[in-house]
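The residues making up each chain are set out below.
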Amino acid sequence: QADKGGSNMSNPILTFTNWVWGYPMLIWLVGGGIFLSFRYKFIQFTKLGFVLKNTIVKAFKGGEINSDGNKISGYKAVTGALASTLGAGNIVGTAIAIGYGGPGGVFWLWLTGLFACVIKYSEVVLGMKYRQRDKEGKWFGGPQYYLPKATGWKWIGFAYAISCAFCLFLAASAQIGSVVDTVETIHIPRIVSTAVLIIAAALIVLGGLTRLLSFTEKIVPVMSVIYMAAGLVVIVLNAKELPAAFASIFQYAFTGRAAVGGFGGATLAMCIRWGVCRGVYSNDSGTGVTTITHAAADVNHPVQQGMWGIFEVFFDTIVVCSVTCLVILTTGVWQTDASVSTLTIAGFQKALGPVAGGFIVSLSLTLFCFTTAVAQTLFGCDQLVKIFGEKAGTWGKYVYLGLMFIGGMVGISALINYVDFGSFLIIFFNMIGVYLCHGEVRKLTEEYFSDTEKWETQKWQPWVEMEEKDIRSSHHE
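Residues numbered from 1 in each chain as written. Predicted model: local features only at pLDDT ≥ 70, side-chain atom pairs only at ≥ 80, totals over all residues. Heavy atoms only, no water.

(A) Representation of the nonpolar core. If you look at the biggest cluster of nonpolar residues, it comprises 141 residues, and the most contacted ones within it are W21, L29, W108, Y121, F348, Y400 and M404. Here this core takes 16 residues from helix α9 (residues 154–183), the largest share from any one element. (Core = buried A, V, L, I, M, F, W, Y, C linked by side-chain atoms within 4.5 Å. Buried < 20%, exposed > 50% of the residue type's maximum accessible area, 1.4 Å probe, protein only. Helix = DSSP H or I, 4+ residues; strand = E, 2+ residues; numbered from the N terminus.)

This is how it looks when you write it as structure tokens:
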């Protein structure tokens with residue numbers, strides 16, 4: 001029943017997953033995001049201009065893209081984070097939101113994205129505050145480190161690490177499965193595409209986070225431009241359908257209507273379930289996973305990297321996912337008998353032709369999902385190191401690669417509900433810490449915005465003290 005998106009009473013995990021990703025997670029995530037927005041004075045709206053100016057605009061003026069190769073800039077860290085979020089969620093996941101939840105699912109995806117910005121901001125700031133240095137002086141961190149330190153509960157870091165390792169096993173496999181599903185539509189055998197992807201993934205995975213970041217800072221901008229440009233061409237070609245597309249989003253947001261290729265019983269609950277879940281799946285907010293990459297950034301203040309978190313969600317969900325949604329709705333393919341997992345490629349092919357449309361989506365999905373699967377593998381291995389030690393992280397890479405091969409052979413539909421169950425687990429544990437520590441994030445936010453010019457040249461004092469401690473330790477040795 002995974003491929004039909006409905007409840008399966010014979011499978012309690014799927015039944016629970018469909019229930020929990022309805023109203024409970026709407027309250028836990030979107031409701032919590034609204035609470036955090038009040039606490040931080042709706043920073044994702046009131047400071048959006050400042051955030052964009054001091055993140056992506058500043059980066060493309062040359063300040064961070066051409067930074068010292070020995071350091072990981074905020075831009076380089078966010079391309080690594082985007083590599084783990086720009087993936088199946090933006091192309092296939094968004095199609096699933098429409099396929100199972102109808103056009104109204106887009107409304108709930110957008111709503112989740114708007115308040116997910118402040119959730120991602122919170123977890124990035126916490127990740128930066130509680131990050132640590134290794135013996136080589138490099139920064140590292142993530143929920144498995146900041147949760148026990150921020151809450152004082154040692155068990156929560158362990159619970160998160162276990163849940164995250166489990167979820168990312170499935171998520172990385174689902175990413176590869178979604179690629180193989182798509183390229184199979186242009187007549188490439190599953191075994192061939194799966195084998196090629198796993199070999200390529202192994203080359204990067206075995207090189208670690210540094211090799212991943214070197215790869216992603218080059219490929220993420222390219223793959224984003226290719227997909228966005230092609231998507232905008234499709235939307236322009238079908239511009240006359242835009243008013244009807246937007247109308248359907250709001251018309252069905254509170255009633256529910258599935259795509260023809262979805263299933264017949266779409267309700268408001270299912271509309272919310274697929275919209276909220278796919279919104280989170282697309283940007284990883286609430287999971288805390290991308291803070292592992294953000295924590296490596298060389299910035300002067302935690303909030304500076306937190307702003308990159310806001311940009312990450314804004315670009316991922318509000319921009320890229322919206323392009324996918326409008327391609328599907330303006331081309332009308334959601335009202336055909338196309339299978340849910342191939343709605344996006346069907347839309348591109350209808351507008352640009354079978355060859356060009358199929359090639360663009362296959363290429364974009366391959367690049368998106370490949371980088372995501374690789375990043376998720378490294379993040380998952382990071383959890384194994386936390387639980388079992390260094391050797392587990394090394395062996396875990398081979399286990400992940402093996403599971404990705406299986407994912408390529410079975411496809412995303414067989415895995416997506418189980419990925420959602422794993423996502424619920426890690427979001428539950430991570431958000432406990434985020435909500436309990438909102439006061440710390442608010443204090444850091446006020447500290448930064450009280451004198452933004454100061455932090456252009458001056459480092460946050462706890463980091464200075466940590467560096468001085470490292471130097472003293474080095475001299476003592």
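(B) Region of interest: the side chain of T55. For T55, the location among the structural elements is in helix α4 (residues 48–60). A polar atom in the side chain of T55 sits 2.5 Å from the backbone oxygen of V51. When neighbours within four sequence positions are excluded, T55 is seen to be in contact with M307, W308 and F311. (Polar contact = N/O pair within 3.5 Å; in protein donor to acceptor, adjacent residues only side chain to side chain. Contact = heavy atoms within 4.5 Å.)

(C) How the structure looks around the side chain of H438. As for its placement among the helices and strands, H438 is situated in helix α20 (residues 438–449). Within the local environment of H438, its side chain forms a polar contact with the side chain of R39, the two groups lying 3.3 Å apart. Here the side chain of H438 touches Y435 through a polar contact of 2.7 Å, landing on its backbone oxygen. When near neighbours in sequence (up to four residues on either side) are disregarded, H438 contacts F35, L36, R39 and Y40.

(D) Here's a closer look at the environment of Y418. Counting through the fold element by element, Y418 comes out in helix α19 (residues 416–436). For Y418, a relative accessible area of 28% corresponds to the partly exposed category. Along the primary structure Y418 and A174 are separated by 244 residues, whereas in three dimensions their C-alpha atoms are 9.7 Å apart. Once residues lying within four places of it in the same chain are set aside, the contact partners of Y418 are N11, I13, L14 and L170.

(E) Fine view of helix α15 (residues 302–331). For α15, built from 30 residues, the straight-helix expectation of 44 Å at 1.5 Å per residue is met to within 8% by its first-to-last C-alpha distance of 43 Å. A maximum bend of about 30° is found in α15 at S322. Taken across its 30 residues, α15 has 27 buried, putting it largely inside the fold. Positioned one or two residues after α15, G332 has a phi angle of 75°, which is positive. (Expected span 1.5 Å × (residues − 1). Bend = angle between axes of the 7 residues up to and from the residue.)

(F) Spatial organisation of the environment of A373. Residue placement: A373 occurs in helix α17 (residues 354–388). As a C-alpha pair, A373 and F169 span 204 residues in sequence and 9.5 Å in three-dimensional space. Leaving out residues up to four positions away in the same chain, A373 has contacts with A172, Q175, I176 and M404.

(G) Structural context of the packing of helix α2 (residues 23–39) against α19. Interaxial distance between α2 and α19 falls to 12 Å at its minimum, and their mutual angle equals 25°. Regarding the angle of α2 to α19, the classification is roughly parallel. In this structure, the crossing between α2 and α19 has a hand that is left-handed. Contacts from M25, W28, L29, G32, G33 and L36 of α2 reach α19 at F424, I427, F428, M431, I432, V434 and Y435. The residue makeup of the contact of α2 with α19, split by class, is 11 nonpolar, two polar and no charged. (Axes fitted to C-alpha atoms, helices over the stretch in contact; angles between N-to-C directions. Parallel < 35°, antiparallel > 145°, perpendicular 65-115°, else oblique. Left-handed = near helix turned anticlockwise from the far one by under 90°. Nonpolar A, V, L, I, M, F, W, Y, C, P; charged D, E, K, R; others polar.)

(H) Inspection of the packing of aromatic side chains at higher detail. Taken as a whole and judged by the stated rule, the model has 29 aromatic pairs. On the basis of an interplanar angle of 55° and a centroid distance of 5.4 Å, the ring pair of F107 and F254 is categorised as tilted. In this pair, F107 sits in helix α7 (residues 104–129) while F254 sits in the loop between α12 (242–251) and α13 (268–283), placing the two residues 147 residues apart along the sequence. Judged by its relative accessible area of 18%, F107 is buried. Consider the rings of W110 and F250, whose centres lie 6.4 Å apart with planes at 50°: the pair is tilted. Residue W110 is found in helix α7, and its partner F250 is found in helix α12; the two are separated by 140 residues along the sequence. Owing to a relative accessible area of 16%, W110 belongs among the buried residues under this scheme. (Phe/Tyr/Trp six-rings, centres within 6.5 Å; stacked < 30°, edge-to-face > 60°.)

(I) Structural detail: the pattern of salt bridges. For the coordinates displayed, the defined rule picks out seven salt bridges. Of the charged contacts, one joins K129 and E440 as a salt bridge, the two residues approaching to 2.7 Å between their closest N and O atoms. Of the two residues, K129 sits in helix α7 while E440 sits in helix α20, which places them 311 residues apart along the sequence. Judged by relative accessible area, which is 25%, K129 ranks as partly exposed. Taking relative accessible area as the criterion, E440 reaches 22% and is therefore assigned partly exposed. A salt bridge links R190 to D181; the nearest nitrogen and oxygen atoms lie 3.0 Å apart. We note that R190, like D181, is buried. When salt bridges with common partners are traced through the structure, they connect D181, E184 and R190 into a single cluster. (Salt bridge = Lys/Arg side-chain N within 4 Å of Asp/Glu carboxyl O.)

(J) Just the environment of P189, in detail. Examined against the element boundaries, P189 turns out to sit in the loop between α9 and α10 (190–205). A relative accessible area of 45% places P189 in the partly exposed class. Put simply, P189 and M409 are 220 residues apart on the chain and 10.0 Å apart in space, counted from C-alpha to C-alpha.

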